[in-house]
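Below, each chain spelled out in residue letters.
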Amino acid sequence: MRKNLPFTVTAPHVLPEMRYCKLENGKYADTAEFFLDKKADCTKGKGRLEKLFPFRQKDGFPFLVEKWENAPDKEGYFLEITTEKIVLKFASARGYLHACRTLKQLRNGSFIPCGIIEDYPALPLRGFHVNLASCRQFEEDDVRALLEKAGKFKLNTFLLEYNERFPFSSHPAISSCNAFTKEDVRSFEKICAENAIEIIPLVQCLGHNAHINRLEEYGKYFEPDFPDGRKSAQLCPLNEESYTLFTTLAEEIMQAHPNGKYLHIGGDEARSMGACPKCQEYVQKYGEGKLYVEYINKCAAFVRNCGRIPIIWDDMLSRHPDLMEKMDKDIVIMVWDYWTTSDPSPITVFRPAGRGIVTDKSMAEGNFAKLEQPEKLIAETFARVEEFETLAESNEGSKIFSTYLGKDFPQKCTAFPFVDLYKDKGFTVIGAPTTLGNTVDDIYGLPNFMRFRKNIFAYAQKCKKYSLSGMITTSWYDFPPEILEMGLICTANDLWTK
Ligand SMILES: [Zn+2]
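Residues numbered from 1 in each chain as written. Predicted model: local features only at pLDDT ≥ 70, side-chain atom pairs only at ≥ 80, totals over all residues.

## Re the overall build of the protein chain
Alright, step 1. Tallying secondary structure elements over the protein chain gives 16 helices and 18 strands in all.
Alright, step 2. Buried residues in the protein chain amount to 45% of all 498 residues.
Alright, step 3. Considering only contacts within the protein chain whose residues lie at least 6 apart along the sequence, 70% involve residues at least 24 apart. (Helix = DSSP H or I, 4+ residues; strand = E, 2+ residues; numbered from the N terminus. Buried ≥ 20, exposed ≤ 12 C-beta atoms within 10 Å, placed from the backbone. Contact = placed C-beta atoms within 7 Å.)

Right, here's the structure in full:
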């Protein structure tokens, strides 16, 4: 038999980093013909776990698999690797898969370093997002590859936004010429099943529907065009037919992804609120916020009737914090903030009263000299200079928010303060940093990766500290898909480790 000696005595890096791992220097289990190949022997009807990720032993090296009773987490796993045997304990099918993934990363040829590993994730929902709209460069192979990478690094959720690239049967005209086929969509589901990943489809219920309003015959569902001639991307929230269009598309996408618990209905950046005469009248009487919240509650009720949990982006709600009481509390709020990179932060995203990324006046004095990178570049590129103190007291909505600004205020703010506000209002919150967003600060032709790395890390710290249910890192803009891989690995690592 051909034997290879380990070429290194140190264990390789396993990502995400293991919670508890004590390896014995220089001691290896020589597993000989011990395979960790998911293509091997999975066809013989051996049982669900083996089908998910089978092991094969030709030489009878003892490999003992058992249930991990009282595991600290349902995705947890335990490994005891000695020169005589490997013991694997798992809390669930996912835990078993994670253990296999760790062994696969640890092995060196047929050798696996001896030691004890006890491992489980820090957050229950760990995810990554892609927008597959036509201008992106994703082909079906790219999607499959990214889904497999997510599994490899122990993520368990994928937020998938098709827009016009879904093969709609109910409204085939909406599907673009480069839409995925039904077979492609089934193959995405299959890869997710093999990797224990849950897909959350995203179907926009209000704004960001330019891909539908590109077709003249769908114009009747939309708010009127902007005065400068640009087409509105927003469905009319008071038009029953627009609502039916949304529910029809959403139903079709949910049927194609039948295993998920959630449906994300977008709801962000609705820029044509109150534009048509009917909406205008309503907004004049009751305000934009009420129109928004009532429409979102209606869409969320539809999602619940389909047996799913609705998710929305938070920016419209945070423009009207006084209306939070009226929003159904079982709507999960996904809070996106792509500019905060430290805690406390010299920059904050402050949406009430129509503001955006702001920094305190004291920071801007001396041309942001007190800031380090990437905060300095972010402040110079994106931030409006305001007096934080004045801002926090600027209107009724902001006063609600001012409780959460932290002890370093007004020079700095607690990172992601809206998360605390939503939690206190009784919402379930999912964090949303980015690995590719607002790329106007590119460096040497590539995204400013340090900014995104720190944004993902800072947000993960927040999610763990405040025990949020999860975090999903978003990705936007038109770089080749491979550019997303490092952000995916960062996300997987930060959400797993303590
Ligand atoms: Zn309208």
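## What to know about the sheet that holds strand S6 (residues 86–90)
Alright, step 1. One open sheet holds the 5 strands; their spatial order is S1-S7-S5-S6-S4, and the pairing between them is mixed. With one partner strand each, in any of the chains shown, strand S1 (20–30) and strand S4 (63–67) form the two edges of the open sheet. Strand-to-strand twist in this sheet, taken as the mean axis angle between neighbours without regard to direction, amounts to 20 degrees.
Alright, step 2. Bridging between S4 and S6 involves 5 bridges; their strand directions are parallel. Within S6, the position partnered with Glu-66 by the bridge is Lys-89. (Pairing = 2+ DSSP bridges. Axes fitted to C-alpha atoms, helices over the stretch in contact; angles between N-to-C directions.)

## As for the packing of helix H15 (residues 449–465) against helix H16 (residues 485–496)
Alright, step 1. Between H15 and H16, whose axes approach to 9 Å, the crossing angle comes to 25 degrees. Of the possible angle classes, the one that applies to H15 and H16 is roughly parallel. H16 is crossed by H15, and the crossing has right-handed handedness. Residues Phe-449, Phe-452, Arg-453, Ile-456, Phe-457 and Ala-460 of H15 form the contact with H16, whose own contacting residues are Met-486, Gly-487, Cys-490, Thr-491, Asp-494 and Leu-495.
Alright, step 2. Taken together, the residues of the contact of H15 with H16 sort by class into 8 nonpolar, 2 polar and 2 charged. (Parallel < 35°, antiparallel > 145°, perpendicular 65-115°, else oblique. Left-handed = near helix turned anticlockwise from the far one by under 90°. Nonpolar A, V, L, I, M, F, W, Y, C, P; charged D, E, K, R; others polar.)

## Observations regarding the pairing of strand S7 (residues 111–119)
Alright, step 1. Two elements, S1 and S7, share 7 bridges in a ladder whose sense is antiparallel. Pairing of Tyr-20 across the sheet is with Glu-118, part of S7.
Alright, step 2. Sheet topology places strand S5 (residues 77–81) next to S7; 5 bridges connect them, and they run antiparallel. Opposite Leu-79, over in S7, you have Ile-117 as the bridge partner.

## Quick look at the packing of helix H3 (residues 140–152) against helix H4 (residues 182–194)
Alright, step 1. Close contact between H3 and H4 brings their axes to 9 Å; oriented N to C, the two are set at 10 degrees. Put simply, H3 runs roughly parallel to H4. The handedness of the crossing between H3 and H4 comes out as right-handed. In contact with Glu-140, Val-143, Arg-144, Leu-147 and Glu-148 of H3, H4 contributes Asp-184, Ser-187, Phe-188, Ile-191 and Cys-192.
Alright, step 2. Residue classes in the contact of H3 with H4 are distributed as 5 nonpolar, 1 polar and 4 charged.

## As for the nonpolar core
Alright, step 1. Within the largest apolar cluster, 131 residues are counted, with the highest numbers of intra-cluster contacts made by Ile-333, Met-334, Val-335 and Ile-430.
Alright, step 2. Not counting residues within four places of it along the chain, the set of residues in contact with Val-335 comprises Asp-314, Phe-416, Phe-418, Val-419, Tyr-422, Val-429, Gly-431 and Ala-432. (Core = buried A, V, L, I, M, F, W, Y, C linked by C-beta atoms within 7 Å.)

## Thoughts on the sheet that holds strand S16 (residues 384–386)
For sheets, the rule is that strands pair by backbone hydrogen bonds, running either parallel or antiparallel.
Alright, step 1. A sheet is described by the order of its strands in space; here 3 strands give the open sequence S14-S15-S16, paired in mixed fashion. The open sheet is flanked by strand S14 (347–349) and S16, the only strands paired with a single partner. Across the sheet, the mean angle from the axis of one strand to that of its neighbour is 40 degrees, orientation sign disregarded.
Alright, step 2. Here strand S15 (residues 357–360) runs beside S16; their pairing, made up of 3 bridges, is parallel. By the bridge assignment, Val-358 is partnered in S16 with Arg-384.

## Section: helix H8 (residues 288–305)
Alright, step 1. If you check H8, its first and last C-alpha atoms are 26 Å apart, about what 18 residues at 1.5 Å a residue would give, namely 26 Å.
Alright, step 2. Buried residues of H8: Gly-289, Tyr-292, Val-293, Tyr-295, Ile-296, Cys-299, Ala-300 and Val-303, and no others. Down the axis of H8, the sector holding all buried residues measures 165 degrees, keeping them to one side.
Alright, step 3. Buried residues in H8 make contact with helix H6 (240–256), strand S11 (262–264), strand S12 (309–313) and helix H9 (315–319).
Alright, step 4. Looking one or two residues beyond H8, the residue adopting positive phi is Gly-307, at roughly 85 degrees. (Expected span 1.5 Å × (residues − 1). Arc of directions from axis to C-beta.)

## Observations regarding the environment of Thr-82
Alright, step 1. Residue position: Thr-82 is located in the loop between S5 and S6.
Alright, step 2. Separated by 53 residues in sequence, Thr-82 and Ala-29 place their C-alpha atoms 5.7 Å apart.
Alright, step 3. Not counting residues within four places of it along the chain, the set of residues in contact with Thr-82 comprises Ala-29 and Cys-114.

## What to know about the confidence of the model for the protein chain
Alright, step 1. Averaged over all residues, the pLDDT of the protein chain equals 88, while 90% of them reach at least 70.
Alright, step 2. Across residues 36–54, confidence stays below pLDDT 50; counting only partners more than four residues off in sequence or on other chains, it has 26 contacts. (pLDDT = per-residue confidence, 0-100.)

## Regarding the environment of Asn-163
Alright, step 1. Along the polypeptide, Asn-163 turns up in the loop between strand S9 (157–161) and H4.
Alright, step 2. With 46 residues separating them in the primary sequence, Asn-163 and Asn-209 have C-alpha atoms 7.8 Å apart.

## Some points on the pairing of S6
Alright, step 1. The element S6 is largely enclosed, with a buried count of 4 among its 5 residues.
Alright, step 2. Alignment of S5 against S6, held across 5 bridges, turns out to be antiparallel. Counterpart to Leu-79 in the pairing with S6 is Leu-88.
Alright, step 3. In sequence, S5 turns back onto S6 through a hairpin of 4 residues.

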